[in-house]
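Letter by letter, the chains look like this.
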Amino acid sequence: MSIDYSERIPNNVDLADDRRLQRALESWQPRFLQWWGEMGPTLPTQDVYLRTAIDVGREGWAHFGRVRVPDYRWGIFLAERNPDRRIGFGQHKGESVWQQVPGEHRASLQRLIVVQGDTEPASVEQQRRLGLTAPSLYDLRNLFQVNVEEGRHLWAMVYLLHAYFGRAGRDEAEALLLRNSGSEDSPRILGAFNEETPDWLSFFMFTYFTDRDGKYQLGTLKESAFDPLSRTCEFMLKEEAHHMFVGTTGVDRVVERAAQLMRAHDTDDLAPFGGISLPVIQKYLNFHYSVSLDLFGGETSTNVANYYSSGLKGRWQEDRRRDDHVLAHSVATVEQPEGDRITGVEHPALTALNHDLRDAYIADCETGITRWNRILASHGITGHRLALPHVGFNRKVGAFAGWHVTPGGRIVDAATWAAGRPSWLPTPADKAYVESLMRPVYEPGKIAAWLAPPRNGINGQPLDYEYVRF
Ligand code: BYC
């Protein structure tokens, strides 16, 4: 199912057949470009070696080439339609999927699409200054790739709002460009998207932990009975894989350089040698992991029970679950704080679905920890381990909000928390140190000293390829 690039808005949804929709989106397009100009990457470039989607099929969907970033062809790409697709869960299980939005689910679906859409431009805003300090042209190119694709994911949600939600949808599409990350007056909807991404260690942690929340949320929306949403998310997930690759391998490289310096100088304090010490890496990890856990909403939620029962949002890999896919009589155990202990409490499985998704996410996050500890071990470093903090650590949303929980999972009082905080979360001094390492390295093949080089180039290109030209 190839994409028509002769159109003003590249698409595979036969936009030309619906003049009204086409006109509406064409009038949103200049506003998007204006937003990109004002809130997108600040670094001017001549061109960047980027991939662009040319097909939505399994093989060969991407084309690589040098692109002037403002000329990137953002468009509307949905995975191929399966005419036999049926609803896989909830009260409508077994019925045909919906090609239109049922009136009774309009508000909820719109809300889910707006929340999803809001995160995409938010991340571009958070990352807009990182181009000024990239550790290599390879990394700079990856940043731009992530940014243009987040821009396209915004297009994906805006298409749904315009095509299926009438006037209210068009208004929401406008509003997606008006809220801004970190703004006092009109912030982005979800907490993590109002945090700063001021340095590249934060960027790697963000693409590891926060983009991974995106993978899981998109995975649940891919199950949706609303077929256009499902198809959109299916294709977005393809693009998302590279974003998490950037995070995984980015942290790999920081850990690798830390390990090399620890061995070479027989010390844990890497500041004199221009590396990032493991305790600082751990603190950044603690921060990004805990704010990303907040993105799953409350452990128990009637919203999610309703989304599931009515077919709007499924579970991660719904079709691999061996149960009735209705869950009316199932229960699940959820940890929650009680006095000075954390206990498991049984809830109806339906209300615990955010927790269910979060569990799958946590298991996935553990794979990164295993890999980074393996890198340390391969350098003979056995006394230090990275670890995920306890789920209750540093939480603002859900059962642990308002509680003080240590990374090890102990409930403590406010004073103990305040005393421990500098060893658990990045301090102003940690941030200033990481910031001091952020110097652009824009000579082809060269790389900043605080991280190891990548193992491979992009799309088979050598590491000294000129990935970005100025
Ligand atoms: N911050 O019933 P509750 C991505 C609100 S990332 C602020 O516990 P629910 C990406 C909630 O909206 C994936 N508010 O939770 C990554 C609700 O408000 P209303 C983004 C929050 O509804 C990197 C109230 O609190 N996609 O794609 O079951 C780069 C009670 O909530 C937060 C999605 O999230 C928070 N953290 O689940 C680029 C998917 N958490 O409605 C992109 C769409 C909760 O009572 N969204 N609230 O006014 C959803 O599925 C759900 O809305 C949530 C919350 C999972 C977010």
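Peer 1: An account of the sheet that holds strand β2 (residues 62–67) is requested, with residue identities and associated values reported.
Peer 2: If you walk across this open sheet you meet the 3 strands as β2-β1-β5, and the pairing is antiparallel. Lying at the two open borders of the sheet, with one neighbouring strand each, are β2 and β5 (468–469). As paired elements, strand β1 (residues 47–53) and β2 share 6 bridges and run antiparallel to each other. For Arg 51, the partnering residue across the bridge sits in β2 and is Phe 64.

Peer 1: Please provide a residue-by-residue account of the pattern of salt bridges, values included.
Peer 2: If you walk through the whole model with that rule in mind, you get 25 salt bridges. Asp 139 is paired through a salt bridge with Arg 253; the nearest N and O atoms lie 2.8 Å apart. In this pair, Asp 139 sits in helix α3 (residues 137–164) while Arg 253 sits in helix α6 (residues 227–265), placing the two residues 114 residues apart along the sequence. Residue Asp 139 is classed as buried on the basis of its relative accessible area of 2%. Under the relative-accessibility criterion, Arg 253 is labelled buried at 5%. Across the pair Glu 318 and Arg 315 runs a salt bridge, and its minimum N-O distance is 2.6 Å. Glu 318 sits in the buried class, given a relative accessible area of 1%. Residue classification places Arg 315 among the buried residues on the basis of a relative accessible area of 4%. Residues participating in the shared-partner salt-bridge network are Asp 118, Glu 125, Arg 179 and Arg 188.

Peer 1: Tell me about the site of the ligand, and please be specific about residues and values.
Peer 2: For the ligand, the set of nearby residues contains 28 residues, the closest of which are Gln 116, Gly 298, Ser 301, Asn 303 and Lys 313. In the model, a nitrogen atom of the ligand is placed 3.2 Å from a nitrogen or oxygen of the Gly 191 main chain. Between the ligand and Lys 313, the relevant distance is 2.4 Å, taken from an oxygen atom to a side-chain nitrogen or oxygen of the residue. In this structure, the ligand is accommodated by the largest pocket. Where the shell around the ligand is concerned, the elements lending two or more residues are α2 (106–126), α5 (200–221) and α8 (302–309). In terms of residue count, α2 provides more of the shell around the ligand than any other element does, 7 residues in total.

Peer 1: Lay out unusual backbone geometry with the relevant residues and their values.
Peer 2: Its identity as a non-glycine residue notwithstanding, Asp 14 has a phi of 50 degrees, on the positive side. Among the secondary structure elements, Asp 14 is positioned in the segment before α1 (19–39). Here the phi dihedral of Asp 266 falls at roughly 50 degrees; this positive angle occurs in a residue that is not glycine. Structurally, the position occupied by Asp 266 is in the loop between α6 and α7 (278–294).

Peer 1: I'd like a rundown of a negative patch on the surface, residues and numbers included.
Peer 2: On the surface, Asp 4, Asp 14, Asp 17 and Asp 18 cluster together to form a negatively charged patch. With respect to the element layout, Asp 4 can be found in the segment before α1. The partly exposed category is assigned to Asp 4, whose relative accessible area is 31%.

Peer 1: Describe in detail the pairing of strand β3 (residues 331–338), supporting the description with residues and values.
Peer 2: Pairing of β3 with strand β4 (residues 341–348), which is carried by 8 bridges, proceeds in the antiparallel orientation. Looking across to β4, one finds that Ala 332 is bridged to His 347. Where β3 hands over to β4, the hairpin turn is made up of 2 residues, of which Gly 339 adopts a positive phi near 60 degrees.

Peer 1: Go over the nonpolar core with me, naming the residues and quoting the values.
Peer 2: With 114 residues, the main nonpolar core has Phe 209, Trp 372 and Trp 450 as its most contacted residues. If one sorts the elements of this core by residue count, α3 sits on top with 16 residues. Counting 12 residues, the second-largest nonpolar core is a separate cluster that includes Ala 122, Phe 193, Val 412 and Trp 417.

Peer 1: So, helix α10 (residues 414–424): which residues are in play, and what are the values?
Peer 2: When we look at burial in α10, the residues that qualify are Trp 417, Gly 420 and Trp 424. One side of α10 holds all its buried residues, which, seen down the axis, span an arc of 80 degrees. Away from the buried face of α10 by more than 90 degrees, exposed residues Ala 415 and Ala 419 are located. On the buried face of α10, the contacting elements are α7.

Cut-offs applied
- Residues numbered from 1 in each chain as written.
- Predicted model: local features only at pLDDT ≥ 70, side-chain atom pairs only at ≥ 80, totals over all residues.
- Heavy atoms only, no water.
- Pairing = 2+ DSSP bridges.
- Helix = DSSP H or I, 4+ residues; strand = E, 2+ residues; numbered from the N terminus.
- Salt bridge = Lys/Arg side-chain N within 4 Å of Asp/Glu carboxyl O.
- Buried < 20%, exposed > 50% of the residue type's maximum accessible area, 1.4 Å probe, protein only.
- Near = heavy atom within 4 Å.
- Polar contact = N/O pair within 3.5 Å; in protein donor to acceptor, adjacent residues only side chain to side chain.
- 1 Å grid on protein atoms, 1.4 Å probe; cavity = no way out; pocket = protein on both sides within 12 Å on 5 of 7 lines; lining within 4 Å.
- Sits in = over half its atoms within 2 Å of the grid points.
- Patch = residues over 30% accessible without salt bridge, like charges linked within 9 Å, V, L, I, M, F, W, Y side chains within 5 Å.
- Areas by Shrake-Rupley, 256 points an atom, 1.4 Å probe, with all protein chains shown as cover.
- Lys, Arg positive; Asp, Glu negative; His and termini not counted.
- Charge placed at Lys NZ, Arg CZ, Asp CG, Glu CD.
- Core = buried A, V, L, I, M, F, W, Y, C linked by side-chain atoms within 4.5 Å.
- Arc of directions from axis to C-beta.
- Contact = heavy atoms within 4.5 Å.

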